[in-house]
Amino acid sequence: MDERRLLTAHHEAGHAIAYLNLGYSFRYITLHPRTPGTTGFVAVHRPRSMLIADSAAITLSGPLAEEAFRSVDIGEAPEDAAWAAAFAVSSADAGSHREVDDGRDMLVRLGMPVELAVDGMANTLARDWAAVEALAQALVMSPRRLDYREAQMIVEASR
């Protein structure tokens, strides 16, 4: 299986899990976006009002899941992967720098300690790692997009 595609699937699954955990819906999640140069996408309903802390969590959850997948892929436990992801994002070493910068900026505007907030988000993903994995695998196997209900059912079945 293509490593880049798997990495992207985990990234997008991280965003989707954050939406679901925070009680927000989305239209669909896909590895087949129409935008050139984009490898994955979670389409949301617009306009959308959202707490800035929730927006930061959702923004950072993709890069966190990406880093956690890299850690798990090299043999670390998901709990260690969460710590590694938190360190990577707080150090701005994650793969999706724009999202990391945006999420960190949101946290700074809120006056939240970045490392503490990121570590909490990483631990949340680690606790939900089975759901991240299930959704990422479904994305990789799907020839199309998964709508919100499909994603929700996959996540609920993995818990």
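Remember, it's a predicted structure, so these values are computed and weren't measured experimentally. (Residues numbered from 1 in each chain as written. Predicted model: local features only at pLDDT ≥ 70, side-chain atom pairs only at ≥ 80, totals over all residues. Heavy atoms only, no water.)

Draft legend 1. How the structure looks around the nonpolar core. Within the largest apolar cluster, 47 residues are counted, with the highest numbers of intra-cluster contacts made by Phe-26, Ile-29, Leu-64, Leu-107, Val-118, Met-121 and Leu-135. Where this core is concerned, the elements lending two or more residues are α1 (3-21), α2 (52-73), α3 (78-90), α4 (97-110), α5 (114-127), α6 (129-141) and α7 (148-158). In this view, Met-121 contacts Ala-56, Ala-57, Leu-60, Leu-64 and Leu-107; residues no more than four positions away in its chain are not counted. (Core = buried A, V, L, I, M, F, W, Y, C linked by side-chain atoms within 4.5 Å. Buried < 20%, exposed > 50% of the residue type's maximum accessible area, 1.4 Å probe, protein only. Helix = DSSP H or I, 4+ residues; strand = E, 2+ residues; numbered from the N terminus. Contact = heavy atoms within 4.5 Å.)

Draft legend 2. Quick peek at the packing of α6 against α7. The contact between α6 and α7 brings their axes to 8 Å, and the two run at 135°. If you check the angle between α6 and α7, you find them oblique. The handedness of the crossing between α6 and α7 comes out as right-handed. Contacts between α6 and α7 involve Ala-130, Ala-131, Ala-134, Leu-135 and Ala-138 from the former and Ala-151, Ile-154, Val-155 and Ser-158 from the latter. In terms of residue class, the contact of α6 with α7 is built from 8 nonpolar, 1 polar and no charged. (Axes fitted to C-alpha atoms, helices over the stretch in contact; angles between N-to-C directions. Parallel < 35°, antiparallel > 145°, perpendicular 65-115°, else oblique. Left-handed = near helix turned anticlockwise from the far one by under 90°. Nonpolar A, V, L, I, M, F, W, Y, C, P; charged D, E, K, R; others polar.)

Draft legend 3. Fine view of α4. Taking 1.5 Å as the rise per residue, α4 with 14 residues should run 20 Å; its terminal C-alpha atoms sit 20 Å apart, in good agreement. Of all the residues in α4, the buried ones are Glu-99, Val-100, Gly-103, Met-106 and Leu-107. For α4, the buried positions fall inside an angular range of 130° around the axis, keeping them on one side. Every exposed residue of α4 that faces more than 90 degrees away from the buried side is listed here: Arg-98, Val-108 and Arg-109. Within two residues after α4, Gly-111 carries a phi angle of roughly 75°, on the positive side. (Expected span 1.5 Å × (residues − 1). Arc of directions from axis to C-beta.)

Draft legend 4. Representation of the packing of aromatic side chains within the structure. Within this structure, the stated rule accounts for 2 aromatic pairs. Note on Tyr-19 and Phe-26: the rings are 5.9 Å apart at their centroids and 55° apart in plane angle, and the pair reads as tilted. Pair check on accessibility: Tyr-19 and Phe-26 agree, each one buried. Here the aromatic rings of Phe-26 and Tyr-148 are separated by 5.2 Å at their centres, their planes lie at 80°, and the arrangement is edge-to-face. Here Phe-26 is found in the loop between α1 and β1 (28-30), whereas its partner Tyr-148 is found in helix α7, with 122 residues between them in sequence. Each residue in the set Tyr-19, Phe-26 and Tyr-148 is aromatic and connected to the rest through ring pairs, giving one cluster. (Phe/Tyr/Trp six-rings, centres within 6.5 Å; stacked < 30°, edge-to-face > 60°.)

Draft legend 5. Expanded view of the sheet that holds strand β3 (residues 146-147). With antiparallel pairing, the 3 strands of this open sheet are ordered in space as β2-β1-β3. Looking along the sheet, the strands with just one partner apiece sit at the ends: β2 (41-43) and β3. Pairing between β1 and β2: 3 bridges, direction antiparallel. If you follow Tyr-28 over to β2, its bridge partner there is Ala-43. (Pairing = 2+ DSSP bridges.)

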